[in-house]
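# An overview of the molecular structure
Take a look at the letters that make up each chain.
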Amino acid sequence: MALVEREHIDERPGPLSEATAGDFIALLKPRVMSLVVFTAFVGMLLAPASPHPFLAVIAMLAIAVGAGASGALNMWYDADIDRVMARTANRPVPRGRVAPGEALGFGLVLAVLSVMTLGLMANWLAASLLAFTIFFYVVVYTMWLKRSTPQNIVIGGAAGALPPMIGWAAVAGTVTVESLVLFLIIFLWTPPHFWALALFKSGDYARAGIPMMPNVAGERHTKRQIFAYSLAVAVSGVLPAALGFASLAYGVLAAALGGAFVWYAWRVLRLEDGDRAMRPAKALFGFSLVYLFAIFAALLVDGLASRLGA
């Protein structure tokens, strides 16, 4: 009788997942995904070719899914540190709404699906760039750089800077100087954007043991680095006009936005050590989001105007 009861217990199915559709959507990091999709779309529009509308939509969906896969795999691996950071504690995995294995499987399936779809519907150069982006973000940045060096954001920023190159390659089938400039704008923008956040979230990063610049090199060094990178951001923003693939009007707007970026960074540089309010850092973080969206929106409008004029 005991044996029968034991066998009956062993055959019972395990508990079903209680995760909702909203939890799996949260794994995709929708806000990050929206920025990836937008910059990839700008790269696609600026490329010197006109794709079939249906193929362009499929390519954009594949890039979006690839970005979501990166987010899900990042949340799977980082669940331990997400749990102790106020900014990330409510994510689905640390809150227990999605099991780690579910997040891992979900991310891997989406990653393979996105790369194969982009390769079959666009070209394998774009698919290879997407695969490299996912690998770089998950393995190089999340698993290695993030927990080992204060340069994590500088090097890891390459993953977030690749989407416009992927969009360009999906249409043109090549990588050019113009697409590299789009990459450079985001690559240089990433450190001051995240270091501004790290200044007023340093306690979170310290509890999680993440070696962000303020925790390792100190606030003063971080503020100098932010200002130096902000100067580079301002220069990179006008390169499309300087190289001739954007108009003078774009160049003027980019210069004004770059000047504002430097001004916000100057306020951070002059921030007194030990100021816990960190208002200039918070203002720079907010403006940096506006800056990147405005630069790529201006490139989008400029590109559309050029095509309509032609």
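Residue numbers restart at each chain and count upward from 1, following the sequence in its written direction. Residues qualify for local features only when their pLDDT is at least 70, as the model is predicted, and side-chain atom pairs are given and counted only at 80 or more; totals for whole chains, interfaces and linings, by contrast, use all residues. Calculated side-chain values reflect all of the structure's heavy atoms, with hydrogen atoms and water omitted.

Our next topic: the overall build of the protein chain. Here a strand is any run of E in DSSP of at least two residues, a helix any run of H or I of at least four, and the numbering for each starts at the N terminus. Each helix and strand counted, the protein chain has 15 helices and zero strands in total. Whereas a compact globule of 310 residues would reach a radius of gyration of roughly 19 Å, the protein chain reaches 22 Å, a difference of no more than 12%. Each principal axis of the C-alpha distribution contributes one length, and for the protein chain these read about 85 × 55 × 25 Å. For the protein chain, with 310 residues in total, the buried portion stands at 49%. Two residues form a contact once any of their heavy atoms are found within 4.5 Å. Sequence-distant contacts, at least 24 apart, represent 74% of the contacts inside the protein chain between residues at least 6 apart. For every accessible area listed, the method is Shrake-Rupley and the probe measures 1.4 Å; residues are considered covered only by the protein chains on display. Carbon and sulfur atoms make up 68% of the accessible area of the protein chain, which amounts to about 14,600 Å² in all. Counted as positive: Lys and Arg. Counted as negative: Asp and Glu. His and the chain ends are not counted at all. In this description, the location of a charge corresponds to atom NZ of lysine, CZ of arginine, CG of aspartate or CD of glutamate. Charged side chains in the protein chain number 22 positive and 17 negative. The centres of these two groups are separated by 11 Å. Only C-alpha atoms enter the radius of gyration, while the globule expectation follows 2.2 Å times N to the 0.38, with N the number of residues. Buried, partly exposed and exposed residues are distinguished by accessible area as a fraction of the type maximum, computed with a 1.4 Å probe on protein chains only: under 20%, between the cut-offs, and over 50%, respectively.

Here we take up the pattern of salt bridges. Every case where a carboxyl oxygen of Asp or Glu lies within 4 Å of a side-chain nitrogen of Lys or Arg is listed as a salt bridge. Taken as a whole and assessed by the stated rule, the structure comprises seven salt bridges. Between Asp80 and Arg147 there is a salt bridge; the shortest N-O distance is 3.0 Å. Here Arg147 lies in the loop between helix H7 (124–144) and helix H8 (152–161) and Asp80 lies in helix H5 (residues 79–82), a separation of 67 residues in the sequence. In this structure, Arg207 engages Asp204 in a salt bridge whose closest nitrogen and oxygen atoms are separated by 2.4 Å. One end of the pair, Arg207, and the other, Asp204, are both in helix H11 (residues 202–208), three residues apart, so they sit about a helical turn from each other.

Attention now goes to helix H6 (residues 100–121). To estimate the expected span of a helix, count its residues, drop one, and scale the result by 1.5 Å. Between its terminal C-alpha atoms H6 stretches 31 Å, which fits the 32 Å expected from 22 residues at 1.5 Å a residue. Against the buried residues of H6 lie helix H2 (21–27), helix H4 (53–77), H7 and helix H9 (163–172).

This paragraph deals with the nonpolar core. Counting 93 residues, the largest nonpolar core has Leu118, Ile166, Trp195, Tyr291, Ile295, Phe296 and Leu299 as its most contacted members. Residue types Ala, Val, Leu, Ile, Met, Phe, Trp, Tyr and Cys, when buried and joined through side-chain atoms within 4.5 Å, form a set referred to as a nonpolar core. Counting residues in hydrophobic clusters, the runner-up holds eight residues, among them Ala19, Met75, Val98 and Ala103.

Moving on to the environment of Ala127. In this fold, Ala127 is placed in helix H7. Along the chain, Ala127 and Ile63 lie 64 residues apart, while their C-alpha atoms are 8.9 Å from each other. Ignoring anything within four residues of it in the chain, the contact list for Ala127 reads Val115, Leu118 and Gly119.

This paragraph deals with the packing of helix H13 (residues 219–242) against helix H14 (residues 248–269). Packing of H13 against H14 brings their axes to within 8 Å, and their N-to-C directions diverge by 180°. As judged from the angle between their axes, H13 and H14 are roughly antiparallel. Facing Lys223, Arg224, Ile226, Phe227, Ser230, Leu231, Val233, Ala234, Gly237, Val238, Pro240 and Ala241 of H13, the residues of H14 in contact are Tyr250, Gly251, Ala254, Ala255, Gly258, Phe261, Val262, Ala265, Trp266, Val268 and Leu269. Of the residues contributing to the contact of H13 with H14, the split by class is 17 nonpolar, four polar and two charged. Simply put, an axis is a line fit to the C-alpha atoms, just over the touching stretch for a helix, and the angle between two N-to-C directions goes from 0 to 180 degrees. To sort the angles, those under 35 degrees are grouped as roughly parallel, those over 145 as roughly antiparallel, those from 65 to 115 as roughly perpendicular, and the leftovers as oblique. Nonpolar residues are Ala, Val, Leu, Ile, Met, Phe, Trp, Tyr, Cys and Pro. Charged residues are Asp, Glu, Lys and Arg, and all others, Gly as well, are polar.

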